[in-house]
Amino acid sequence: MYDVVVIGAGPVGENVADRIVRGGLTVAVVERELVGGECSYWACMPTKALLRSAAALNAARRLPGAREAVTGELDAAAVLRRRDAFASNWQDDGQVSWLESAGITLYRGQGRITAERVVEVTGADGSTTTLTARHAVVVATGSGALLPDIAGLRESAPWTSREAAAAKEVPARLAIIGGGVVAAEMATAFTGLGSAVTMLARDGVLHLAEPFAGERVAQSLRQAGASVHLEAEVASVSRDGAGVVHLTLTGGAQVDADELLVAIGRTPNTQDIGLDAIGLKAGEWLHVDDTLRVVDVDGGWLYAAGDVNRRALLTHQGKYQARAVGDVIVARARGGAVEDGRWGRHVATADERAVPQVVFTDPEVASVGLTAAAAQTAGLRTRVVDYDLAAVAGSALHADDYQGQARMVVDEDRRVIVGVTLVGPDVAELLHAATIAVVGEVPLDRLWHAVPAYPTVSEVWLRLLEAYGR
Ligand SMILES: Cc1cc2nc3c(=O)[nH]c(=O)nc-3n(C[C@H](O)[C@H](O)[C@H](O)COP(=O)(O)OP(=O)(O)OC[C@H]3O[C@@H](n4cnc5c(N)ncnc54)[C@H](O)[C@@H]3O)c2cc1C
Ligand SMILES: NC(=O)c1ccc[n+]([C@@H]2O[C@H](COP(=O)([O-])OP(=O)(O)OC[C@H]3O[C@@H](n4cnc5c(N)ncnc54)[C@H](O)[C@@H]3O)[C@@H](O)[C@H]2O)c1
């Protein structure tokens, strides 16, 4: 018997367990694959390692003096080796030792809920262990890649983000179905590694971001040699005996490639976790209240955090939920006060309108909060201010021919910023200032007193305020 049982030891499950132990309760986590989850081995870490070396090389090539020192091409094999190290060679010993040192008990196997507060673990050898939770069960099982229903696709052995992130070789030709975050980052990574990339972006590139973000990323991919097809729909796929993948688009056009990556979104890992035993539907996203408690389940003992609740499919946001859910379970177990008002300790308020994200393309796309379109849909009376990032002194110093754009979306009724998007080389590290402005609801009048250092790219903040007017 444990106070809490967590199913899934990805970044979110690990952090939930950590908060539970810090709160003085006992916890078991159940993991069927590698402790550390998708993020550590097949998502955030390996993909950023695949991207980083080409980004550094491109940065050097943008600067006279450094450019002349670049005398060779990217060493793809060395990049893959560095990626292997960032994926811990797909071994989880390091994370397992951390769990042990944190006082968290690990059970390896498939976790399934069999009744209220009861989880059965089926090990690889078929053995079963029954775990009972005194207070709560937390589902942190994450998500997997979604495959569309395209004729011949499954038989053609496509890559999902997993195979792309863990690729042992760089394919000469890579076709990508999708135009979202995974597709854009992988197109950037594999173009940098030397593949001839064809991106089939049915709904545009990064279509949920500000329109200029996708336009700039598509343009830069094309300049780097990739072929980007907007509004392209794949009708059928086949792989021939020589291993070549043939894609037929609606309209008849043909694309041939050595590998095909499908990146069209995610599906929750809830197919086989026992949801039917408690009246929920297998394979569905888990709906939660603001304290991350699953709605439609009696007794208030079931929580869901991270990708599986679909609030924000990002590691940092899932870990933020983990801190709230771990703390609220401890508070409820001890009969303590639950701080569930907006921005309270036990709720994940930032999920609503203040989610930061960096897309590690070249240029990078860093955003937080609402886009202009989303703010309009939300019914806000807004003013949109754009600024050319290249016109900032710090940008010109950062790289010759620096190109980028900044946008802030202001809620005119409250005179606070509700969204910021920055597109340009190395804008990732600028994002947190924007996140603080949005979460803190810092009045524009006060922001004038937050003076950016000269000559940094951050001076764009002053320029945006000047463009807005005082
Ligand atoms: C290619 C790619 C790149 C990404 N890059 C970034 C990035 O740069 N930054 C960012 O913030 N986010 C990124 N993401 C998103 C990020 O990976 C996810 O948001 C994050 O991994 C979610 O964490 P999680 O713990 O909820 O789920 P997961 O990381 O999916 O972990 C869930 C764990 O639960 C285990 N599990 C599932 N079912 C069971 C069961 N029944 N029993 C036992 N164990 C089970 C799984 O094996 C897994 O280990 C990326 C995603 C992809 C696909
Ligand atoms: N740097 C990061 O923060 C990062 C990196 C990678 C992934 N992620 C997370 O992982 C999640 C999954 O990323 P993703 O790119 O798979 O999903 P996504 O939702 O970002 O993009 C999916 C894309 O596929 C298109 N699409 C959907 N169905 C299609 C179909 N049948 N045929 C063709 N195109 C179709 C959509 O229009 C969209 O452009 C995202 O929510 C993202 O937050 C984050």
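Scoring rules and cut-offs
Residues numbered from 1 in each chain as written. Chains lettered and ligands numbered in written order. Predicted model: local features only at pLDDT ≥ 70, side-chain atom pairs only at ≥ 80, totals over all residues. UniProt positions renumbered as here; feature names shortened; annotations may be inferred. Helix = DSSP H or I, 4+ residues; strand = E, 2+ residues; numbered from the N terminus. Buried ≥ 20, exposed ≤ 12 C-beta atoms within 10 Å, placed from the backbone. Contact = placed C-beta atoms within 7 Å. Near = placed C-beta within 6 Å. Nonpolar A, V, L, I, M, F, W, Y, C, P; charged D, E, K, R; others polar. Domains from an automatic or database assignment. Pairing = 2+ DSSP bridges. Right-handed = clockwise from strand over helix to strand, strands pointing away. Expected span 1.5 Å × (residues − 1).

By the naming in an unreviewed UniProt entry, the protein is Oxidoreductase, taken from Paractinoplanes tereljensis. UniProt annotates the protein under Sequence similarities (unreviewed entry) with the comment "Belongs to the class-I pyridine nucleotide-disulfide oxidoreductase family."

Asker: What is the right way to read the UniProt feature "binding site: FAD" (unreviewed entry) in the protein from this model?
Answerer: Taking the numbering used here, the UniProt-annotated feature "binding site: FAD" (unreviewed entry) corresponds to K48, G111, T141, G142, S143 and D307. The greatest C-alpha distance among the residues just named is 30.0 Å, and with 260 residues of sequence between them they are spread in space as well. Within the fold, T141 resides in the loop between β6 (128-139) and β7 (143-145). You can call T141 buried: it has 30 C-beta atoms within 10 Å. Not counting residues up to four positions away in its chain, the partners in contact with T141 are I7, G8, N269, T270, I273 and V308. Relative to the assigned elements, G142 resides in the loop between β6 and β7. Contact partners of G142, with chain neighbours within four places excluded, come to G8, G10, G37, E38, N269, G306, D307 and V308.

Asker: Help me understand unusual backbone geometry in this model?
Answerer: If a residue is not glycine, its phi is most likely negative; likewise, a peptide bond is most likely trans. Cis geometry marks the peptide bond from D362 to P363, where omega comes out at 10°. Relative to the elements of secondary structure, P363 occurs in the loop between β17 (356-359) and β18 (364-369). For the peptide bond that leads from Y454 to P455, omega is -5°, which places it in the cis range. By secondary structure assignment, the location of P455 is in the loop between α15 (444-447) and α16 (460-468). Positive phi, normally seen in glycine, also occurs at L206, with a value near 50°. Within the element layout of this structure, L206 appears in the loop between β9 (196-201) and α9 (211-223). For L206, a count of 25 C-beta atoms within 10 Å translates into the label buried. For E231, which is not glycine, the phi torsion reads 60° and is therefore positive. Here E231 shows up in the loop between β10 (227-230) and β11 (234-239). Taking the C-beta count within 10 Å as the criterion, E231 has 13 such neighbours and is therefore assigned partly exposed.

Asker: Looking at this structure, how should I read the site of ligand 1?
Answerer: By nearness alone, 37 residues border ligand 1, and G8, G10, G37, G142 and G306 come closest of all. Counting only elements with at least two residues in the shell around ligand 1, the list comes to α1 (11-22), β2 (27-31), α2 (37-41), α3 (44-61), β4 (110-115), α7 (161-165) and α10 (315-333). A per-class count over the shell around ligand 1 returns 15 nonpolar, 16 polar and 6 charged. A domain split of the shell around ligand 1 shows at least three residues from each of domain 1 (2-42 + 87-144 + 267-333) and domain 2 (154-264).

Asker: Teacher, can you tell me more about the pairing of strand β1 (residues 2-7) here?
Answerer: A large share of β1 lies buried, amounting to 5 of its 6 residues. Of the strand pairs in this sheet, β1 and β2 are connected by 4 bridges, and their pairing is parallel. Across the sheet, V5 pairs through a bridge with A28, a residue of β2. Tracing the backbone out of β1, into α1 and back to the parallel element β2 gives a crossover that is right-handed.

Asker: Help me understand the site of ligand 2, please; the structure alone is not making it clear to me.
Answerer: Close contacts around ligand 2 come from 22 residues, with P148, G180, V182, D203 and L313 the closest. Of all the elements, helix α8 (residues 181-193) adds the most residues to the shell around ligand 2, at 4 residues. In terms of residue class, the shell around ligand 2 is built from 12 nonpolar, 6 polar and 4 charged.

Asker: Before we go on, may I ask you to explain α9 in this structure?
Answerer: One full turn of an α-helix is made of 3.6 residues, so residues set three or four places apart face in the same direction. For α9, which comprises 13 residues, the first-to-last C-alpha distance of 19 Å matches the rise-based estimate of 18 Å (1.5 Å per residue) to within 8%. For α9, the complete set of buried residues consists of A213, G214, R216, V217, A218, S220 and L221. Where the residues of α9 are buried, they touch α8, β9, β10, β18 and β21 (416-424). Of the residues trailing α9, G225 is marked for its positive phi of about 110°.

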